[in-house]
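So the chains spell out like this:
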Amino acid sequence: MAFSFKDIIAWQKAYEFVLLTYKVTRGFPNYEKFGLASQFQRAAVSIAANIAEGSKKLSKADKLRLMNVAQGSLEECRFCIMLSKDLEYITAEEYATLNYSIEGTSYNLNSYCKAISNNIGIKDEL
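Just so it is clear, the model here is predicted, and its values are computed rather than measured. (Residues numbered from 1 in each chain as written. Predicted model: local features only at pLDDT ≥ 70, side-chain atom pairs only at ≥ 80, totals over all residues. Heavy atoms only, no water.)

Novice: Whenever I open this one, unusual backbone geometry confuses me. Can you help?
Specialist: One can expect most non-glycine residues to show negative phi and most peptide bonds to be in trans. Although it is not a glycine, E88 adopts a positive phi angle of roughly 60 degrees. For E88, the position within the fold is in the loop between α3 (60-86) and α4 (92-117). (Helix = DSSP H or I, 4+ residues; strand = E, 2+ residues; numbered from the N terminus.)

Novice: Would you take a moment to explain the environment of S59 for this structure?
Specialist: The residue S59 is located in the loop between α2 (36-55) and α3 in this model. Spatially, the C-alpha atoms of S59 and I116 are 9.9 Å apart, while their sequence positions differ by 57 residues.

Novice: For this particular structure, what's the right way to read α3?
Specialist: At 3.6 residues per turn, the α-helix brings residues three or four places apart onto the same side. Over its 27 residues, α3 extends 39 Å from the first C-alpha to the last, a length consistent with the 39 Å expected when each residue adds 1.5 Å. Within the span of α3, buried status applies to K63, L66, M67, A70, S73, L74, C77, C80, I81 and S84. (Expected span 1.5 Å × (residues − 1). Buried < 20%, exposed > 50% of the residue type's maximum accessible area, 1.4 Å probe, protein only.)

Novice: Whenever I open this one, the packing of aromatic side chains confuses me. Can you help?
Specialist: The way to describe two aromatic rings as a pair is by their centre distance and the angle between their planes. Tallying each qualifying case throughout the model produces four aromatic pairs. Both rings, one in F5 and one in W11, keep their centres 5.0 Å apart while their planes meet at 70 degrees; by these two values the pair is edge-to-face. Residue F5 is classed as partly exposed on the basis of its relative accessible area of 28%. Judged by relative accessible area, W11 falls into the buried class, the value being 12%. A centroid spacing of 5.0 Å and a plane angle of 15 degrees characterise the contact between W11 and Y15, whose relative ring orientation is stacked. In this pair, W11 and Y15 both sit in helix α1 (residues 9-25), four residues apart, roughly one turn of the helix. Classification of Y15 by relative accessible area gives partly exposed; the value is 39%. Members of the aromatic cluster, each reached through a chain of ring pairs, are F5, W11 and Y15. A cation over a ring is seen here: K85 above Y95, with NZ or CZ 5.2 Å from the ring centre. (Phe/Tyr/Trp six-rings, centres within 6.5 Å; stacked < 30°, edge-to-face > 60°. Lys NZ or Arg CZ within 6 Å of the ring centre and 35° of its normal.)

Novice: Would you take a moment to explain the layout of surface pockets for this structure?
Specialist: Regions of empty space are outlined by a rolling probe, equal in size to a water molecule, passed over the atoms. Taken as a whole, the largest pocket spans an internal volume of roughly 150 Å³. Together, F3, D7, I8, I9, A10, N108, S111, Y112 and A115 line the largest pocket. Ranked by the residues each element gives to the lining of the largest pocket, the list is headed by α4, at four residues. (1 Å grid on protein atoms, 1.4 Å probe; cavity = no way out; pocket = protein on both sides within 12 Å on 5 of 7 lines; lining within 4 Å. Points joined across faces, edges and corners; volume = space filled by probe spheres on them.)

Novice: What is the right way to look at the nonpolar core in this model?
Specialist: Side chains of nonpolar character tend, in soluble globular proteins, to be buried together. With 33 residues, the main nonpolar core has F17, I47 and I51 as its most contacted residues. Listed by contribution, the elements that provide at least two residues to this core are α1, α2, α3 and α4. Among the elements that make up this core, the one with the highest residue count is α2 (nine residues). Beyond its immediate stretch of four places on either side in the chain, I47 contacts A14, F17, A70, S73, L74, C77, I102 and T105. (Core = buried A, V, L, I, M, F, W, Y, C linked by side-chain atoms within 4.5 Å. Contact = heavy atoms within 4.5 Å.)

Novice: Would you explain the pattern of salt bridges in this entry?
Specialist: A side chain of one charge can pair with a side chain of the opposite charge if their charged atoms are brought near each other. What the rule picks out here adds up to three salt bridges. Across the pair E75 and R78 runs a salt bridge, and its minimum N-O distance is 2.9 Å. One end of the pair is E75 and the other is R78, both in helix α3 and three residues apart, which spans about a single turn. Residue E75 is classed as partly exposed on the basis of its relative accessible area, which comes to 43%. Accessibility expressed as a relative area gives 23% for R78, which makes it partly exposed. Note that E103 is salt-bridged to R78, the shortest N-O span being 2.4 Å. With E103 in helix α4 and R78 in helix α3, this pair connects stretches of sequence that are 25 residues apart. Here the residues in one salt-bridge network are E75, R78 and E103, joined through shared partners. (Salt bridge = Lys/Arg side-chain N within 4 Å of Asp/Glu carboxyl O.)

Structure representation (structure tokens):
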């Protein structure tokens, strides 16, 4: 069977985070539809999309560049979570759930980057 980005645990966690982000941002005020809600959604999608794109790059440098873009988007989402809480757009439970999800995504993305850096598993992807 051919390797797919869907096989990458970091992508799986990122995708779960995207779905959660869309679910939570549905409850944002209507005036945030093109503001924070949109920004938060785009940043969340960017994490998973860059992992997917990077998975098919042939060079380690290209893979790591896209993983770094994903890491930047992940940090943007951390900010959106905090701002959403402080603006009282999300409940304490939603805040905890988002934080738990982003932490899992971050851990797995960082682990995947280390594996790429150390040439672990890359030959299996090609």
